Amino acid sequence: FPVTIRIQLSAGGVYTPHNDTINIYPNGDLWGGSATDLVNHELVHTITFDVVENGLSVVQQAVVQEVKDALESYREKAWETIDPYVLDRIDNAVSEDYPHEMFSTLIAESDVRQALQGNVDLAQLEAIFNDILNSRKGGINAQDSSGNNGSNAEILQENVPTTPSTGTGKVSTVPTGIELIS
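The rules we used
- Residues numbered from 1 in each chain as written.
- Predicted model: local features only at pLDDT ≥ 70, side-chain atom pairs only at ≥ 80, totals over all residues.
- Heavy atoms only, no water.
- Helix = DSSP H or I, 4+ residues; strand = E, 2+ residues; numbered from the N terminus.
- Buried < 20%, exposed > 50% of the residue type's maximum accessible area, 1.4 Å probe, protein only.
- Pairing = 2+ DSSP bridges.
- Patch = residues over 30% accessible without salt bridge, like charges linked within 9 Å, V, L, I, M, F, W, Y side chains within 5 Å.
- Areas by Shrake-Rupley, 256 points an atom, 1.4 Å probe, with all protein chains shown as cover.
- Salt bridge = Lys/Arg side-chain N within 4 Å of Asp/Glu carboxyl O.
- Lys, Arg positive; Asp, Glu negative; His and termini not counted.
- Charge placed at Lys NZ, Arg CZ, Asp CG, Glu CD.
- Phe/Tyr/Trp six-rings, centres within 6.5 Å; stacked < 30°, edge-to-face > 60°.
- Lys NZ or Arg CZ within 6 Å of the ring centre and 35° of its normal.
- Polar contact = N/O pair within 3.5 Å; in protein donor to acceptor, adjacent residues only side chain to side chain.
- Contact = heavy atoms within 4.5 Å.

Chemist: Break down the environment of Asn27 for me, citing the residues and quoting the values.
Modeler: Following the sequence through the fold, Asn27 ends up in the loop between strand S2 (21–24) and helix H2 (35–54). Residue classification places Asn27 among the partly exposed residues on the basis of a relative accessible area of 38%. Taking the C-alpha atoms as reference, Asn27 lies 6.7 Å from Gly12; in sequence the two are 15 residues apart.

Written out as structure tokens, the structure reads:
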């Protein structure tokens, strides 16, 4: 692996958009979530990368900024009561490669979503995610202009060995409307 991928894998995973590839390492030094959340996090990158990179609409940018402001406000008020790992993930969402990481963290990571429930409204961010997903001509299995048929999003329906897992390993529908592993 190139050095940059090795460094990013210490954080658990990396999506490489130029070749539409996900590399994961659930035992990375900085990853503390489940393998399922890690795979889902990287899958969200595959769905949102182009739209976020090429520009969200003015309305979408305003919503993303509102969510960021709400996250930062919540973090300031409740930092002493938030699990340190979840606090780190919130920090990552609003600072590292923002807004790419914000979408992936807040849409895919169950520990973060649970901590934010009732404290930060994610409905508008989920609506943007659904809009992006729906604009992909039928979702992740549609063929895009590069000929990719979404095969990078196909996941074995089993748990990743030697990693923490709280799920059943079966595909289920999350509130955002995309099928992710749970």
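There's plenty left to go through after this.
Chemist: Pulling in residues and values, what's your account of the pairing of strand S1 (residues 13–16)?
Modeler: Neither face of S1 is exposed, since Gly13 and Tyr15 on one face and Val14 and Thr16 on the opposite face are all buried. Relative to S2, S1 runs antiparallel, the two sharing four bridges. By the bridge assignment, Thr16 is partnered in S2 with Thr21.

Chemist: Talk me through a negative patch on the surface; I want residue IDs and the actual numbers.
Modeler: Together, Asp50, Glu53, Glu96 and Asp97 make up a negatively charged patch on the protein surface. Following the sequence through the fold, Asp50 ends up in helix H2.

Chemist: A description of the packing of aromatic side chains should follow, citing residues and the corresponding values.
Modeler: By the definition in use, this model includes one aromatic pair. On the basis of an interplanar angle of 70° and a centroid distance of 6.0 Å, the ring pair of Tyr15 and Phe49 is categorised as edge-to-face. Taken together, the positions of Tyr15 in strand S1 and Phe49 in helix H2 put the pair 34 residues apart, joining distant regions of the chain. Lys68 extends its terminal NZ or CZ atom over the ring of Tyr98, reaching a point 4.1 Å from the ring centre.

Chemist: So, the side chain of Asp37: which residues are in play, and what are the values?
Modeler: By secondary structure assignment, the location of Asp37 is in helix H2. Nearest to the buried, unbridged Asp37 among oppositely charged side chains is Arg89, at 8.4 Å. A distance of 2.8 Å separates the side chain of Asp37 from the side chain of Ser110, its partner in a polar contact. Excluding residues that lie within four positions of it along the chain, Asp37 makes contacts with Trp31, Ala108, Glu109, Ser110 and Asp111.

Chemist: Quick one: what's the story with the pattern of salt bridges, residue by residue and with numbers?
Modeler: Counting across every chain of the model gives three salt bridges. The shortest N-O distance in the salt bridge between Arg75 and Asp91 comes to 2.6 Å. Separated by 16 residues along the polypeptide, Arg75 in helix H3 (residues 58–78) and Asp91 in helix H4 (residues 84–95) bring together distant segments of the chain.

Chemist: I'd love a proper account of unusual backbone geometry, names of residues and values included.
Modeler: A cis amide bond links Tyr98 with the next residue in sequence, Pro99, at an omega value of 0°. Within the secondary structure layout, Pro99 lies in the loop between H4 and helix H5 (100–108). In this structure, Asp20 is a non-glycine residue whose phi angle is positive, near 50°. Assignment of secondary structure puts Asp20 in the loop between S1 and S2.

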